[in-house]
Amino acid sequence: MSFDKDRVLQLCKNFSQNTLMETLEMEFIDAGEDFLVATMPVNSRVHQPMGLLHGGASVALAESVGSAASIMFINPEKQEVRGIEISANHLKSKREGIVTGTAKIIHKGASIHLWEIRITDEQGKLISLCKLTNMVLPRKR
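Criteria and thresholds
- Residues numbered from 1 in each chain as written.
- Predicted model: local features only at pLDDT ≥ 70, side-chain atom pairs only at ≥ 80, totals over all residues.
- Heavy atoms only, no water.
- Helix = DSSP H or I, 4+ residues; strand = E, 2+ residues; numbered from the N terminus.
- Buried < 20%, exposed > 50% of the residue type's maximum accessible area, 1.4 Å probe, protein only.
- Expected span 1.5 Å × (residues − 1).
- Arc of directions from axis to C-beta.
- Contact = heavy atoms within 4.5 Å.
- Polar contact = N/O pair within 3.5 Å; in protein donor to acceptor, adjacent residues only side chain to side chain.
- Core = buried A, V, L, I, M, F, W, Y, C linked by side-chain atoms within 4.5 Å.

**Q** Got a minute to help me understand the environment of Gly66 in this structure?
**A** Tracing the chain through its elements places Gly66 in helix α3 (residues 55-71). Since its relative accessible area comes to 0%, Gly66 is described here as buried. The spatial distance from the C-alpha of Gly66 to the C-alpha of Ala38 is 9.7 Å, given a sequence separation of 28 residues.

**Q** What is the right way to read helix α1 (residues 5-16) from this model?
**A** Along an α-helix, residues three or four positions apart point the same way, because every turn accommodates 3.6 residues. With twelve residues, α1 should reach 16 Å at 1.5 Å per residue; the first-to-last C-alpha distance of 17 Å fits that figure. Among the residues making up α1, those that are buried are Val8, Leu9, Cys12 and Ser16. Buried residues in α1, looked at end-on, bunch into an arc of 95 degrees, giving them a common side. The elements touched by buried residues of α1 are α2 (20-23), β1 (27-32), β2 (35-42) and α3. In this structure Asp4 caps α1, since a side-chain oxygen of it lies 3.3 Å from the backbone nitrogen of Asp6. Just downstream of α1 lies Asn18, where phi reads positive at about 60 degrees.

**Q** Would you explain the nonpolar core in this entry?
**A** Considering soluble globular proteins, one finds that nonpolar side chains tend to be buried as a cluster. Of all hydrophobic cores here, the largest spans 29 residues; its most connected members are Phe28, Leu36, Met40, Leu53, Val99, Ile117 and Ile119. Secondary structure elements with two or more residues in this core: α1, β1, β2, α3, β4 (97-108), β5 (112-120) and β6 (126-138). Top element by residues in this core is α3. It accounts for seven residues. Aside from chain neighbours lying at most four places away, what touches Leu36 is Val8, Leu9, Cys12, Phe28, Asp30, Ala31, Val65, Ala68, Ala69, Gly101, Thr102 and Ala103.

Printed below as a string of structure tokens:
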């Protein structure tokens, strides 16, 4: 079966409804066979008290895009994904604009997926570097 970018992006849009992804205005914008990309606006909704992008919001973007990316590699009728570990290094601050999270697969095992998620600004400068481990589980009916 060939990769269908439009189907993947529509699936991501559908499962984001009424979730944190919708609350934080995350938008899935690109996908490939081994990556997924989402954006998030930086505004007062995701600021910490000093008026900067909250590290937790960056981690929310990273986990959202990395978890969604794992769904591309499973059969959602028979399997589901759980994030089991995430780490983040926040390297640059941001007050406003857009950040982009790009998840790229590092390891695609039968039960474990490891992702690197790079969160960048509009100029491609690295804001945060994250690593996410997802576990693939049998779907409970």
